[in-house]
Amino acid sequence: DHREYLSNGINGGIAALSASLKLQGHSVELFDTTFLKTNDELLRYKNHAGVMQFKKTEMTLEELVADDPVVDLSHELQKIISTFQPDIIAISSMTATFDKACDLVRKVKHSAIVIAGGIHPSIAPDDAITQEPIDIVCFSEADYVFPELVNLMEIGADYTNVKSMWFKLKNGKIKNKFVSPRVE
C-alpha cells in the first residue's frame, strides 16, 4: 500500500542548488509542498506513475496532516513571494507535473524571472520554453550552470551565453546554448 510510504521531501537537486547558492551569499527560499494538506490528488501521490523515492513510515501522509487545514497552493506560494520578493522563481518538474507548475506560477503575482529545470525541461526544452510563465529553461545538470547564471544576473552582466540554458529573449526569439560538461 503506497500510503505506508512518504516521499523523501524536497528533491535532492533542488536542495543542492539551494545550498550552493546560499554558500555563494545568495538569499534562497524554498516552497516545499510535501506536508501541505491540499485537495490536489496529484500532490498526494495517489495513482502516481513513475519512479519516486519513498521511505517506509509508521504513519501515512494523510495521518501526518490530519489536523492541518486544507490549503490552496497558489495562496501559500503567494505568501512566500509577497514576503521574500524574489528576483528569480525556479521550478523543477517532471512531465506529469510541468503544466501544474506552470499554472501555479501563472496564478501568483510576481515580477521574477521564471526558470524551469528538471526532467521535463531537460527532455523537452522546446516545449518548456514556449510556456507563458517560463523565461529560461535549464535542460541539463544545473550544478554549475545555475549558480553561474544567478551570479551573472546579480551583477547585471549578460547571462544569455550560459551553457545548458534556453532563453526567451525580449524580442520573442529563443536563444539556446549547448550542453555543459557532465558533473562527475
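Rules used in this analysis
Residues numbered from 1 in each chain as written. Predicted model: local features only at pLDDT ≥ 70, side-chain atom pairs only at ≥ 80, totals over all residues. Heavy atoms only, no water. Helix = DSSP H or I, 4+ residues; strand = E, 2+ residues; numbered from the N terminus. Buried < 20%, exposed > 50% of the residue type's maximum accessible area, 1.4 Å probe, protein only. Contact = heavy atoms within 4.5 Å. Areas by Shrake-Rupley, 256 points an atom, 1.4 Å probe, with all protein chains shown as cover. Pairing = 2+ DSSP bridges. Axes fitted to C-alpha atoms, helices over the stretch in contact; angles between N-to-C directions. 1 Å grid on protein atoms, 1.4 Å probe; cavity = no way out; pocket = protein on both sides within 12 Å on 5 of 7 lines; lining within 4 Å. Points joined across faces, edges and corners; volume = space filled by probe spheres on them. Nonpolar A, V, L, I, M, F, W, Y, C, P; charged D, E, K, R; others polar. Salt bridge = Lys/Arg side-chain N within 4 Å of Asp/Glu carboxyl O. Phe/Tyr/Trp six-rings, centres within 6.5 Å; stacked < 30°, edge-to-face > 60°.

Structural notes on the overall build of the protein
Next up, step 1: Helices and strands together make up the secondary structure of the protein, namely seven helices and seven strands.
Next up, step 2: Counting helices and strands in the order they occur from the N terminus, the protein gives β-α-β-α-α-β-α-β-α-α-β-α-β-β.
Next up, step 3: Counting only residues that meet the buried cut, the protein has 33% of its 184 residues in that class.
Next up, step 4: Restricting the contact set of the protein to residue pairs at least 6 apart, pairs at least 24 apart contribute 63%.
Next up, step 5: Put simply, the protein shows about 11400 Å² of open surface, and 53% of that area lies on carbon and sulfur atoms.

Description of the sheet that holds strand β7 (residues 174-176)
Next up, step 1: Spatially, five strands are ordered β3-β4-β5-β6-β7 in an open sheet, and the strand pairing comes out mixed. Lying at the two open borders of the sheet, with one neighbouring strand each, are β3 (88-92) and β7. Each strand of the sheet is rotated relative to its neighbour by a mean of 20°, with strand direction disregarded.
Next up, step 2: Here three bridges tie strand β6 (residues 165-168) to β7, and the two strands are oriented antiparallel to one another. By the bridge assignment, Trp166 is partnered in β7 with Asn176.

Digging into the layout of surface pockets
Take a probe with the size of a water molecule and roll it over the atoms, and the empty space left behind shows itself.
Next up, step 1: Looking at the second largest pocket, its volume works out to about 240 Å³.
Next up, step 2: Taken together, Ile113, Asp135, Ile136, Tyr159, Thr160, Phe167, Lys168, Leu169 and Lys170 form the lining of the second largest pocket.
Next up, step 3: Of the residues contributing to the lining of the second largest pocket, the split by class is five nonpolar, one polar and three charged.

Considering the pairing of β6
Next up, step 1: Two elements, strand β5 (residues 136-138) and β6, share three bridges in a ladder whose sense is antiparallel. Bridge pairing in β6 links Cys138 to Met165.
Next up, step 2: Between β6 and β7, which pair antiparallel and follow one another directly, the connecting turn spans five residues, one of which, Gly172, has a positive phi of 90°.

So, the pattern of salt bridges
Next up, step 1: The full count for this structure, using the stated rule, is three salt bridges.
Next up, step 2: A salt bridge links Lys79 to Glu76, with the nearest nitrogen and oxygen atoms 3.2 Å apart. One end of the pair, Lys79, and the other, Glu76, are both in helix α3 (residues 73-84), three residues apart, so they sit about a helical turn from each other.
Next up, step 3: For Lys79, a relative accessible area of 42% translates into the label partly exposed.
Next up, step 4: Each of Asp103, Arg106 and Glu132 takes part in salt bridges that share partners, so that together they form one network.

Remarks on unusual backbone geometry
Next up, step 1: Although it is not a glycine, Gln85 sits at a positive phi angle of roughly 50°.
Next up, step 2: When you line up the elements, Gln85 lands in the loop between α3 and β3.
Next up, step 3: With phi around 65°, Ser164 is a residue other than glycine that occupies positive phi space.
Next up, step 4: Note on Ser164: relative accessible area 0%, which makes it buried.

Here we look at the packing of aromatic side chains
Each aromatic ring pair is specified by the distance between its two centres and by the angle formed by the two planes.
Next up, step 1: Per the stated rule, a full pass over the model turns up two aromatic pairs.
Next up, step 2: Taking the centre distance of 6.2 Å and the plane angle of 70° together, the rings of Phe139 and Trp166 count as edge-to-face. Of the two residues, Phe139 sits in the loop between β5 and α7 (145-155) while Trp166 sits in strand β6, which places them 27 residues apart along the sequence. Here Phe139 and Trp166 have matching classes, each one buried.
Next up, step 3: On the basis of an interplanar angle of 50° and a centroid distance of 6.0 Å, the ring pair of Tyr159 and Phe167 is categorised as tilted.
Next up, step 4: Looking at Tyr159, the relative accessible area reads 23%, which means it is partly exposed.
Next up, step 5: Judged by its relative accessible area of 1%, Phe167 falls in the buried class.

These figures capture arrangement, not role.
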